[in-house]
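The chain contents come next:
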Amino acid sequence: MPRIKIDHTKCTGCRHCEIACSLNHVAGVANPRRARIRVFREGSTYFPTIAGPFVDAACTSKNDLVIGDQTYNMCLICRASCPEKPFFIEAETGFPLKCDFCGIPPSPSCVRWCNSGALELVEDD
Amino acid sequence: MNGWTGRCLRVNLSKKDFHIEDVSPSLMERFLGGRGLGVKMLSEEINPQVDPLSAENKIIFVSGPLVGTGAVTGASCNVVTKSALSGTIACAKLRGHFGAELKFAGFDMIIIEDKADSPVILSVLDDKISIQPALEYWGRTTSEAEKLFKAGLGDKWAGRETYLLSVGPAGEKEIPLANVINDGFLSVGGAGIGAVMGSKNLKALAVRGSHSLTVADGDRFVQAVTTLINKLNSAPLTSRSMSTLGSAFFADRCHQKAILPFENFKAPTLSESKHIETETLPRLFALRSRACFACPIACIKKADVMGPLFKGKGMAPTFLAIGALGLNCGIRDLTTIAMANVICGEMGLDPLAAGGTVATAMELVEKGNASKEDLKLEFRFGEGDDLLQALTLMATKKGHAKRIGKGGQALAVEYGQPKRFMGVKGIPMAPFDPRAIQGMGLHFATSNYGPQHLYAYTFIDEVLHVHEELDPLSTEGKPELVKQYQDMTAVMDSLGLCNWPLMGLKFKNFVPMINSCLGTEYRAEDLLRIGERIWNQERCFNMEAGFDHTHDVLPERFVKEPLLEGPAQGHTSKVEEMLPVYYRLRGWNEGGAPLPGTLDALEL
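Definitions and limits used
- Residues numbered from 1 in each chain as written.
- Chains lettered and ligands numbered in written order.
- Predicted model: local features only at pLDDT ≥ 70, side-chain atom pairs only at ≥ 80, totals over all residues.
- Helix = DSSP H or I, 4+ residues; strand = E, 2+ residues; numbered from the N terminus.
- Rg over C-alpha atoms; globule rule 2.2 N^0.38 Å.
- Contact = placed C-beta atoms within 7 Å.
- Buried ≥ 20, exposed ≤ 12 C-beta atoms within 10 Å, placed from the backbone.
- Arc of directions from axis to C-beta.
- Core = buried A, V, L, I, M, F, W, Y, C linked by C-beta atoms within 7 Å.
- Nonpolar A, V, L, I, M, F, W, Y, C, P; charged D, E, K, R; others polar.
- Pairing = 2+ DSSP bridges.
- Axes fitted to C-alpha atoms, helices over the stretch in contact; angles between N-to-C directions.
- Parallel < 35°, antiparallel > 145°, perpendicular 65-115°, else oblique.
- Left-handed = near helix turned anticlockwise from the far one by under 90°.
- Domains from an automatic or database assignment.

**Considering the overall build of chain B**
Along its length, chain B carries 26 helices and 18 strands. Taken against the 2.2 N^0.38 rule, which gives 25 Å for 604 residues, the C-alpha radius of gyration of chain B at 22 Å falls within 12% of a compact globule. Its C-alpha atoms give chain B principal-axis dimensions of roughly 60 × 50 × 50 Å. A separation of at least 24 residues holds for 73% of the contacts in chain B among residues at least 6 apart in sequence.

**Concerning the overall build of chain A**
When its secondary structure is counted, chain A shows three helices and seven strands. Beginning at the N terminus, the succession of helices and strands in chain A can be written as β-α-β-β-β-β-β-α-α-β. Against the globule reference of 14 Å for 125 residues, chain A gives a C-alpha radius of gyration of 14 Å, in line with a compact fold. Referenced to the eigenvectors of the C-alpha coordinate spread, the extents of chain A come out at roughly 35 × 35 × 30 Å. Counting every position in chain A, which comprises 125 residues, the buried fraction comes to 38%. Across chain A, contacts joining residues at least 24 apart in sequence account for 60% of those joining residues at least 6 apart.

**Observations concerning helix α4 (residues 142–152) of chain B**
All names here are of chain B. Buried within α4 are the following residues: Thr142, Ser143, Ala145, Glu146 and Phe149. In an axial view of α4, the angular spread of the buried residues amounts to 160 degrees, which keeps them on one side of the axis. Exposed positions of α4 whose direction lies more than 90 degrees from the buried face are Ala151 and Gly152. Gly154, located one to two residues past α4, shows a positive phi value of around 80 degrees.

**Topic: the nonpolar core**
Buried together is how nonpolar side chains tend to be arranged in soluble globular proteins. Ranked by size, the top nonpolar core spans 232 residues in total, and within it Phe61(B), Cys295(B), Ala340(B), Leu349(B), Leu391(B) and Met513(B) carry the most contacts. If we ignore the near neighbours within four places in the chain, the residues touching Leu391(B) are Ala340(B), Ile343(B), Cys344(B), Leu349(B) and Ala354(B).

**As for the interface of chain A and chain B**
Counting residues at the interface gives 25 residues for chain A and 29 residues for chain B. Within the residue set of the side of chain A that touches chain B, elements represented by two or more residues are α1 (16–25), β2 (29–30), β3 (37–42) and α3 (109–113) of chain A. Examining the composition of the side of chain A that touches chain B, we find that four residues originate from one element, α1(A), more than from any other. Among the residues forming the side of chain A that touches chain B, the class breakdown is 12 nonpolar, eight polar and five charged. Where β2(A) and strand β13 (residues 213–214) of chain B come together, two bridges link them in antiparallel fashion. Each residue of the ladder has a partner; that of Val29(A), found in β13(B), is Thr214(B).

**Focus: the packing of helix α21 (residues 478–495) of chain B against helix α25 (residues 575–586) of chain B**
Any two packed helices are characterised by the angle at which their axes cross and by the distance between the axes. All names here are of chain B. Taken N-terminus to C-terminus, the directions of α21 and α25 make an angle of 50 degrees; their axes are 9 Å apart at the nearest point. Considering the angle they form, α21 stands oblique to α25. In the crossing of α21 with α25, the sense of the turn from one axis to the other is right-handed. Contacts between α21 and α25 involve Lys478, Pro479, Glu480, Val482 and Lys483 on the former and, on the latter, Met578, Val581, Tyr582, Leu585 and Arg586. Class assignment of the residues belonging to the contact of α21 with α25 gives a composition of six nonpolar, no polar and four charged.

**Quick look at the domain arrangement of chain B**
Residues and elements named next belong to chain B. Along its sequence, chain B is organised into domain 1 (7–208), domain 2 (236–428) and domain 3 (438–504 + 523–601). Every contact between the two is made by 35 residues of domain 1 and, on the other side, 25 residues of domain 3. Counting only elements with at least two residues in the side of domain 1 that touches domain 3, the list comes to α1 (25–31), α2 (34–45) and β5 (89–94). Of the residues that constitute the side of domain 1 that touches domain 3, the class distribution is 15 nonpolar, 16 polar and four charged.

**Here's the deal with the packing of helix α19 (residues 438–446) of chain B against α21(B)**
All names here are of chain B. Close contact between α19 and α21 brings their axes to 9 Å; oriented N to C, the two are set at 60 degrees. By the angle between their axes, α19 is oblique relative to α21. The two elements α19 and α21 meet at a crossing, and its hand is right-handed. Side by side, α19 and α21 meet where Gln438, Gly439, Leu442 and His443 of the first sit next to Lys478, Pro479, Leu481, Val482 and Gln486 of the second. Its residues placed into classes, the contact of α19 with α21 shows four nonpolar, four polar and one charged.

**Considering the sheet that holds strand β7 (residues 120–125) of chain B**
Residues and elements named next belong to chain B. With mixed pairing, the six strands of this open sheet are ordered in space as β8-β7-β12-β9-β10-β11. The open sheet has two edge strands with one neighbour each: β8 (128–133) and β11 (185–186). Sheet analysis places strand β9 (residues 163–166) next to strand β12 (residues 202–208), joined by four bridges and oriented antiparallel. Bridging from a neighbouring strand, Leu165 pairs with Leu205 of β12. Here α4 sits on the sheet and contacts β7, β9, β10 (181–182) and β12; the angle it forms with β9, its principal contact strand, is near 140 degrees.

**Topic: the sheet that holds strand β14 (residues 288–290) of chain B**
All names here are of chain B. Taking strand neighbours across the sheet as the criterion, the three strands line up as β14-β15-β16 in an open arrangement whose pairing is antiparallel. In the strand order of this sheet, the two ends are held by β14 and β16 (311–315), each with one partner. Sheet twist, expressed as the mean angle between neighbouring strand axes with direction ignored, is 30 degrees. Both strand β15 (residues 300–306) and β16 contribute to a ladder of five bridges, which runs antiparallel.

**What about the environment of Phe432(B)?**
Residues and elements named next belong to chain B. Here Phe432 lies in the loop between β18 (427–428) and α19. For Phe432, a count of 29 C-beta atoms within 10 Å puts it in the buried group. Residues Phe432 and Pro261, spaced 171 residues apart in sequence, show a C-alpha to C-alpha distance of 6.2 Å.

**Some remarks on the pairing of β15(B)**
Note: β14(B) against β15(B), three bridges, orientation antiparallel. If you follow Arg290(B) over to β15(B), its bridge partner there is Ile300(B).

**Points about α1(A)**
The periodicity of an α-helix, 3.6 residues per turn, causes residues three or four places apart in sequence to face the same way. Of all 10 residues that make up α1(A), nine are buried, and the element is covered over most of its length. For α1(A), every residue scored as buried is listed here: His16(A), Cys17(A), Glu18(A), Ile19(A), Ala20(A), Cys21(A), Ser22(A), Leu23(A) and Asn24(A). Buried positions along α1(A) lie against β2, β3, β4 (45–50), α3 and β7 (119–123) of chain A together with α8 (218–234) of chain B.

Okay, here's the thing in structure tokens:
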């Protein structure tokens, strides 16, 4: 089964994936707030995050994330949109958004426009 | 409307009010947007002879129609005003994400009128427009101001989506060398704009929004963008050189052709003294690539800079920093150059203008025209500490640095040595020696924005040989080349595209993307015609501001003192020979004024 692999060390923060997603889901509309992938910045690191299932309550299992010598807020890379994190919700309808692996196979549209190598399609069995 | 939002925010700072206007579609059709539209609006709204630092001057922040739509490298926002340094029209190119967020906030442009009586910040956040007092921001460096503003938003998520454009202490003190900074990126060509913003007591602009931009033909647009990304990926310069070192890789290419300046462009130099080891950059600074909005090239390099004055993250040296702050001041140490560049970013100084000014001061001291006691600072070529100290004092207007803060030309004139200032129209030269690269030389002399390379990058063909293999030392075909690049750059700036993709793509490659986005039927020639119209509009503004052919000259040194060795040995700039041809091509008279027929044909 193909999956999207994210390598945050390669992300340059250009947000082209956000626009690719937006253009692909609503014909001819570019708006990062309608994208099902967002790039969050923490210090000098970028975390591309793909929308997962919606949860209607804040979780209780929040931990700090330690990568190397840096500690990050776990919320950053959490894929869910929740009352604590107002992302992946369509502004006009309030409808939660979720990645549907769109685009022309084999690559989802965000992967196709990602030039840094941060997003990559891999086979996972 | 496709690409454009069609809305303009007009803010009056003294009355503290604002209103929203529609942008006329015919203007957008004739001037595209961005730089073109900004220049047209400014020409209509202010008297070109106005004092740049007075309340009558206006500042226009304007994004191009392709910005934010996902068009490849569509990120550029322009700041148009009358420059406090040169008195010509000024147009800074902002990198980063500010331009795109301005569009998502629902505006093509923001026009700032009049001046506030105390420091303010203008914010357009999710359709809430406010002019808030900013006393606690005054005096802070650009990164401090950004942190403080984002912390003040209260919501940790909102801060992530807010983009800030600000001036540093240099701008607040109305120093004509000041630039505007956004998101830690130095803008290109912003010399003198920071001071105008400072004179209006406008510390910063903040934008955020959730408006959608529409694209005329989504499928065709996505296809066109994908094609361009693949093309950029297969071109060696954009896929490798720019991505690994950023623009710093030009330094080596320029060194081979003897184009780099050294110690205020003095002629007799040893070629070894100019060699700078750019390939050591990744080792020295642990470079991290950062990209502007929707850019696959990612030429901006962030670095950890450690020095006595500053420890932290900043921009790694770009070509401009290496040339203007480094070699032109005789400094080859990359760590010092990086420090100087970071100070410029934090203080809001323009590296080109500040470097050129310091180099002028250094020459005045070296030649005995000015003494150390006069300037109250040491100015020795090759001494990193002198440069760093001068930059810091210049920006804060502390001590006796007021003199140099006025800019290189004012300084050289004050000591009766105007010939020691290497610049045109009051703006110091970009780090290209016109004796060794004739096309750039002609552009430097004729440019509406002073001798800044990014308004016609003929270097691409003269040295990098991307589209054509031209000899940089020959004058053949150069007036045509310069005109073509000047027009092309005007179009790309106006649309909101960056200039770097021209290192991998031809101008005509962009046309399908432009048309599918805007729903137009432009051919490449039509667009170049619009570029010519913009260039002439800028020229008319400068003519009315009091500039003519007598200002289209290079400093005497480039015409009279030949290079003594290296590949360009014995060469001087032949700008006087090329200038009449260039004027004829442009349809201008000998005085450099556009002929009535030319303006009619361009519908001006």
